[in-house]
Amino acid sequence: MTTFALIHGAGSDGWYWHLVEPDLRAAGHETIAVDLPCDDDSAGLDDYVDVVVDAVAGSDDVVVVAQSMGGFVAPLVAARVPATRLIVLVAAMVPAPGETGNDWWTNTGSGAARREQAARDGRDIEGGFDEVAEFLHDVDPALIEEGWAHVKEQSDTPFQTPWPLAAWPDVPTRFILATQDRLFPPDFQRRVVRERLGIEPDEIDSGHLPALAEPYELAAMLLRYERETS
């Protein structure tokens with residue numbers, strides 16, 4: 001039995017994965033959707049990693065799956081958990097050695113990519129950040145309403161910590177790119193993934209939050225990866 005360690009992105013909690021988990025469990029696997037201390041200003045990147053490492057303690061076969069900002073956390077978990085046999089990044093940030101989360105935005109050129117994508121879409125993003133337009137444009141409205149209870153104020157503390165590894169862990173890694181992602185547009189993500197991981201991403205027809213917009217397709221991809229690496 002494989003344990004899927006599911007890491008959500010910034011300002012959220014483990015509820016994000018609740019539509020993906022049933023299919024993984026139905027296939028005979030265990031799922032652990034952690035709650036990161038997003039709204040705790042005393043919690044740094046190491047504390048986020050500790051939450052996941054503690055949650056999977058005792059598991060002997062682990063697939064670490066991370067969404068968005070969780071990309072900074074997943075490889076650190078893999079480096080500390082010898083039972084990790086696969087990392088799957090979903091519409092995620094890919095850190096470089098010594099890079100902080102705050103530096104990532106400038107270093108990768110994500111802001112320019114986001115503005116260029118908005119221009120192509122005919123959207124005006126200069127008037128402030130619209131979470132629904134950026135993150136939830138392809139999510140069912142009823143699910144959006146339910147999800148507001150799980151939104152947290154994201155602390156900047158973990159974004160201030162330089163990513164401590166000298167290189168990506170020696171663990172097989174897959175990347176799922178969301179083709180309708182407005183925060184991390186597809187062309188931008190393809191470039192970053194090639195430059196930083198040296199792999200070609202797989203694609204899902206979704207916005208930035210595939211576990212809410214396309215949970216069954218995402219679960220099927222995760223199960224396929226699990227079979228291919230077992």
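Residues numbered from 1 in each chain as written. Predicted model: local features only at pLDDT ≥ 70, side-chain atom pairs only at ≥ 80, totals over all residues. Heavy atoms only, no water.

Asker: Sorry, what's going on with the packing of aromatic side chains here?
Answerer: Centre distance and the angle of the planes are the two values used to describe a pair of aromatic rings. Counted by the stated rule, this structure contains seven aromatic pairs. Aromatic ring contacts, followed pair by pair, group Trp104, Trp105, Phe184 and Phe188 into a single cluster. (Phe/Tyr/Trp six-rings, centres within 6.5 Å; stacked < 30°, edge-to-face > 60°.)

Asker: Teacher, can you tell me more about helix 4 (residues 101-108) here?
Answerer: The periodicity of an α-helix, 3.6 residues per turn, causes residues three or four places apart in sequence to face the same way. All of the buried residues along helix 4 are Gly101, Trp104 and Thr108. Down the axis of helix 4, the sector holding all buried residues measures 25°, keeping them to one side. Taken together, the buried residues of helix 4 touch helix 5 (110-121) and helix 8 (186-197). Once helix 4 ends, the next one or two residues include Gly109, with phi positive near 75°. (Buried < 20%, exposed > 50% of the residue type's maximum accessible area, 1.4 Å probe, protein only. Helix = DSSP H or I, 4+ residues; strand = E, 2+ residues; numbered from the N terminus. Arc of directions from axis to C-beta. Contact = heavy atoms within 4.5 Å.)

Asker: Help me out: how do you make sense of the nonpolar core in this one?
Answerer: A general tendency of soluble globular proteins is for nonpolar side chains to be buried together. Ranked by size, the top nonpolar core spans 44 residues in total, and within it Ile7, Val52, Val73, Val77, Leu89 and Phe175 carry the most contacts. Of all the secondary structure elements, the ones that give two or more residues to this core are strand 1 (3-7), helix 2 (45-55), strand 3 (62-67), helix 3 (74-80), strand 4 (84-90), strand 5 (173-178) and helix 8. Looking at this core element by element, the count peaks at five residues for helix 2. In this structure, Val77 is in contact with Ile7, Val49, Val52, Val53, Val64 and Thr84, ignoring residues within four places of it in sequence. (Core = buried A, V, L, I, M, F, W, Y, C linked by side-chain atoms within 4.5 Å.)

Asker: Looking at this structure, I do not really get a nonpolar patch on the surface. What am I missing?
Answerer: A surface patch of nonpolar side chains, amounting to about 240 Å² of accessible area, comprises Val132, Trp148 and Val151. Judged by relative accessible area, which is 36%, Val132 ranks as partly exposed. (Patch = residues over 30% accessible without salt bridge, like charges linked within 9 Å, V, L, I, M, F, W, Y side chains within 5 Å. Areas by Shrake-Rupley, 256 points an atom, 1.4 Å probe, with all protein chains shown as cover. Salt bridge = Lys/Arg side-chain N within 4 Å of Asp/Glu carboxyl O.)

Asker: Help me out: how do you make sense of unusual backbone geometry in this one?
Answerer: Peptide bonds are mostly trans, and most non-glycine residues show a negative phi. Its identity as a non-glycine residue notwithstanding, Ser68 has a phi of 55°, on the positive side. A relative accessible area of 10% means that Ser68 is categorised as buried. If you check the backbone angles, Ala91 has positive phi at about 45° while not being a glycine. With respect to the helices, strands and loops of the structure, Ala91 is situated in the loop between strand 4 and helix 4. The class of Ala91 is buried, set by a relative accessible area of 0%.

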